[in-house]
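Each chain, letter by letter, is given below.
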Amino acid sequence: MRLKTASMRNVLPAVWGLCLVTGTGCVHSEVLHNRLSETGSMERRTDAHQTASAPSDEPSELSDTGKDEHERLGDTFARQGNWTLSLLHYERAIRMDPHQTRVRYKRGLLYLGHGLADEAEAEFRTILRDDPRHALALTGLGRAFLQRGQFRQAGESVQRALGEDPGSWRAHALLGMVYDYQRQHEQAVAEYEAALRIKPDQPQLHNNLGRAWYLAGQYKQAVHHFEQALKVGQSDPHTYNNLGLALAMQRAYGPAWDAFRKAGSEPQAFYNLGVALLEAGRAKQALACFTKAMDGSPSFYERAHEHYTLAQSILRKEHPKQSSRRDEPDAECL
């Protein structure tokens, strides 16, 4: 399979919804690429600020009955989002039995969920000292490496996990993310597709596959998978935003605006569409969209005005004898 490389002029740095699938939902991880859109401003960090996943939603071998009371309380507080008390009870459980692999794994997940990659790595390495073939700990270690931007080490760890458990859809999904961060989108597509063959109705996997197709320049496939993510239950604004971007690259600007609107407010939608139009070389229409964004929300004025000025500059270079004042609209946004 040969994929077309997307050619982008990188009008402005932006964000994408890349999902780290944890079992309880989509945890967004920032990507190291410049793209359109500003819905939900993320910085260019790698997987550093995630919400903790509930350990009880991990694979069944981690949820055996007969847990002691501290482990049970730790699970309960984790589900409630109280990670401090959860860690406290997991620590007490481990003090009673330092070889509780299951509890150490859960504690590692909580550390990952709060961006504490070093602490998470320590937990997973402790597990691996006792059991070097522990696939879940190898996958967790890969996530810790990914948080620190150590892509080679992350890939190696997840490949080892898949060697022990080829049927782990989470490991395939994580390896796809590693490839995406390395801009190896063909390999990322293959891993997300492998994960979907195991877990076909996982909306976050469709989102990530759509994103990989987009970055490979295959916008029709990207639209399909973003729509699939929404069809099978994904309702996160980032997926609507991703869909809007892919539709805009197909010049379907009306449907793109509708998707952007579902991702946020009308001013955000006009702003995002304006950026997409500017990217497509339609500076006049972009001016009209930025005007609507500025008129619709004072909080968007500065951001939209910056790009309005950029669009004016582009038009002046293309048509040096023509004026492009804001009070002389030359085109409709839609």
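Within any chain, residue numbers begin from 1 and follow the written order of that chain's sequence. In view of the model being predicted, local features appear only for residues whose pLDDT reaches at least 70, and side-chain atom pairs are presented and counted only at 80 or more, with totals across whole chains, interfaces and linings using the full set of residues. With hydrogens and water excluded, all non-hydrogen atoms of the structure serve as input to the side-chain values.

## Structural notes on the overall build of the protein chain
Secondary structure elements follow DSSP: runs of H or I of four or more residues count as helices, runs of E of two or more count as strands, with numbering from the N terminus. The secondary structure content of the protein chain amounts to 15 helices and two strands. When a residue's accessible area, from a 1.4 Å probe over protein chains only, is under 20% of the maximum for its type it is buried; when over 50% it is exposed; and in between it is partly exposed. Looking at the protein chain residue by residue over its 334 residues, the buried ones come to 57%. Note on contacts: a residue pair is in contact if any heavy atoms of the two residues lie within 4.5 Å. Sequence-distant contacts, at least 24 apart, represent 56% of the contacts inside the protein chain between residues at least 6 apart. Total accessible area computed for the protein chain in this model is approximately 14,900 Å², and 47% of it derives from carbon and sulfur atoms. Note that accessible areas follow from Shrake-Rupley with a 1.4 Å probe, and for residues the cover is restricted to the protein chains shown.

## Describing the nonpolar core
Take the buried residues of types Ala, Val, Leu, Ile, Met, Phe, Trp, Tyr and Cys, join any two whose side-chain atoms come within 4.5 Å, and each joined set is a nonpolar core. Formed by 87 residues in total, the largest nonpolar core has its most connected members in Phe-124, Leu-146, Tyr-214, Leu-243, Tyr-271, Leu-273 and Phe-290. Ranked by the residues each element gives to this core, the list is headed by helix α7 (residues 169-181), at nine residues.

## A few points about the confidence of the model for the protein chain
With 76% of its residues at a pLDDT of 70 or more, the protein chain shows a mean pLDDT of 81. Per-residue confidence from the predictor is reported as pLDDT, which spans 0 to 100. Helix α6 (residues 151-164) holds the highest mean pLDDT among the elements of the protein chain, 98, whereas strand β2 (residues 26-29) holds the lowest, 47. Note on residues 1-16: pLDDT is under 50 here. Beyond four places in sequence and across chains, it has 65 contacts. Note that residues 27-66 has pLDDT below 50 and, in this model, 135 contacts with residues that lie over four places away or in other chains.

## Quick word on the environment of Thr-309
As for its position among the elements, Thr-309 is in helix α15 (residues 301-318). Separated by 19 residues in sequence, Thr-309 and Phe-290 have C-alpha atoms that sit 9.6 Å apart.

## Points about the pattern of salt bridges
We define a salt bridge as a contact between a side-chain nitrogen of Lys or Arg and a carboxyl oxygen of Asp or Glu at a distance within 4 Å. Per the stated rule, a full pass over the model turns up 14 salt bridges. Measuring nitrogen to oxygen at the nearest pair gives 3.0 Å for the salt bridge that ties Lys-106 to Asp-75. You can see Lys-106 sitting in helix α3 (residues 101-113) and its partner Asp-75 sitting in helix α1 (residues 69-79), a full 31 residues away along the chain. An identical accessibility class is assigned to Lys-106 and Asp-75; each is buried. Taking the shortest distance from any N to any O, the salt bridge between Glu-121 and Arg-148 comes out at 2.6 Å.

## Describing helix α11 (residues 237-249)
Expected helix span is taken as 1.5 Å per residue step, with the number of steps being one fewer than the number of residues. In this model α11 runs 19 Å from its N-terminal to its C-terminal C-alpha over 13 residues, within 8% of the 18 Å that 1.5 Å per residue would give. Among the 13 residues of α11, 11 are classified as buried, and the element is accordingly described as predominantly covered. When α11 is considered as a whole, its buried residues turn out to be His-238, Thr-239, Tyr-240, Asn-241, Asn-242, Leu-243, Gly-244, Leu-245, Ala-246, Leu-247 and Ala-248. Side-chain atoms alone can form a polar contact between residues adjacent in sequence; in general such a contact is a pair of N or O atoms within 3.5 Å, and within protein one must be able to donate a hydrogen while the other accepts it. Its side-chain oxygen placed 2.8 Å from the backbone nitrogen of His-238, Asp-236 serves as the N-cap of α11. Directly after α11, the chain includes Arg-251, whose backbone phi takes a positive value near 65°.

## Brief notes about the side chain of His-225
Tracing the backbone shows His-225 in helix α10 (residues 219-231). Since its relative accessible area comes to 12%, His-225 is described here as buried. A polar atom in the side chain of His-225 sits 3.1 Å from the side chain of His-206.

## As for the environment of Lys-220
Looking at the secondary structure, you find Lys-220 in helix α10. Residues Lys-220 and Leu-247 lie 27 residues apart in sequence; the distance between their C-alpha atoms is 8.2 Å.

## Thoughts on the packing of helix α14 (residues 283-296) against α15
Contact pair α14 / α15: the axes reach a minimum separation of 9 Å and the direction vectors enclose 160°. In terms of orientation, α14 lies roughly antiparallel with respect to α15. At the point where α14 passes α15, the crossing takes the left-handed sense. Seen from α14, the contacting residues are Ala-283, Lys-284, Leu-287, Phe-290, Thr-291, Ala-293 and Met-294; seen from α15, they are Tyr-301, Ala-304, His-305, His-307, Tyr-308, Ala-311, Gln-312, Ile-314 and Leu-315. Here the contact of α14 with α15 is composed, by residue class, of 11 nonpolar, four polar and one charged. Note on method: axes are straight lines fitted to C-alpha atoms, helices fitted across the in-contact stretch only, with angles between N-to-C directions ranging 0 to 180 degrees. Note on angle classes: values under 35 degrees are labelled roughly parallel, values over 145 roughly antiparallel, values of 65 to 115 roughly perpendicular, and the remainder oblique. Should the near helix be turned anticlockwise from the far one by less than a right angle, the crossing is termed left-handed; should it be turned clockwise, right-handed. Residue type decides the class: Asp, Glu, Lys and Arg count as charged, Ala, Val, Leu, Ile, Met, Phe, Trp, Tyr, Cys and Pro as nonpolar, and the leftover types, Gly among them, as polar.

## Concerning the environment of His-99
Secondary-structure assignment places His-99 in the loop between α2 (83-96) and α3. On the basis of relative accessibility, which here comes to 57%, the residue His-99 falls in the exposed class. Sequence separation between His-99 and Thr-126 is 27 residues, and the spatial gap between their C-alpha atoms is 9.0 Å.

## Section: the packing of α10 against α11
In the contact formed by α10 and α11, the axes pass within 9 Å of each other and the chain directions differ by 155°. With respect to each other, α10 and α11 are oriented roughly antiparallel. Crossing of α10 over α11 shows left-handed handedness. In this structure, α10 contributes Tyr-219, Ala-222, Val-223, Phe-226, Glu-227, Ala-229 and Leu-230 to the contact, and α11 contributes Thr-239, Tyr-240, Asn-242, Leu-243, Ala-246, Leu-247 and Met-249. Residues belonging to the contact of α10 with α11 are distributed by class as follows: 11 nonpolar, two polar and one charged.

## Observations regarding the packing of aromatic side chains
Any aromatic ring pair is given by two values, namely how distant the centres are and how the planes are angled relative to each other. A pair of Phe, Tyr and Trp rings is counted when the ring centres sit within 6.5 Å of each other, with Trp represented by its six-membered ring. The angle between the planes then sorts it: under 30 degrees is stacked, over 60 is edge-to-face, the rest tilted. Under the defined criterion, the tally for this structure stands at five aromatic pairs. With a centroid separation of 5.8 Å and 55° between ring planes, the pair formed by Tyr-105 and Phe-124 is classed as tilted. Of this pair, Tyr-105 sits in helix α3 while Phe-124 sits in helix α4 (residues 117-130); the two residues are 19 residues apart in sequence, bridging distant segments of the chain. A single burial state applies to Tyr-105 and to Phe-124, both of which are buried.

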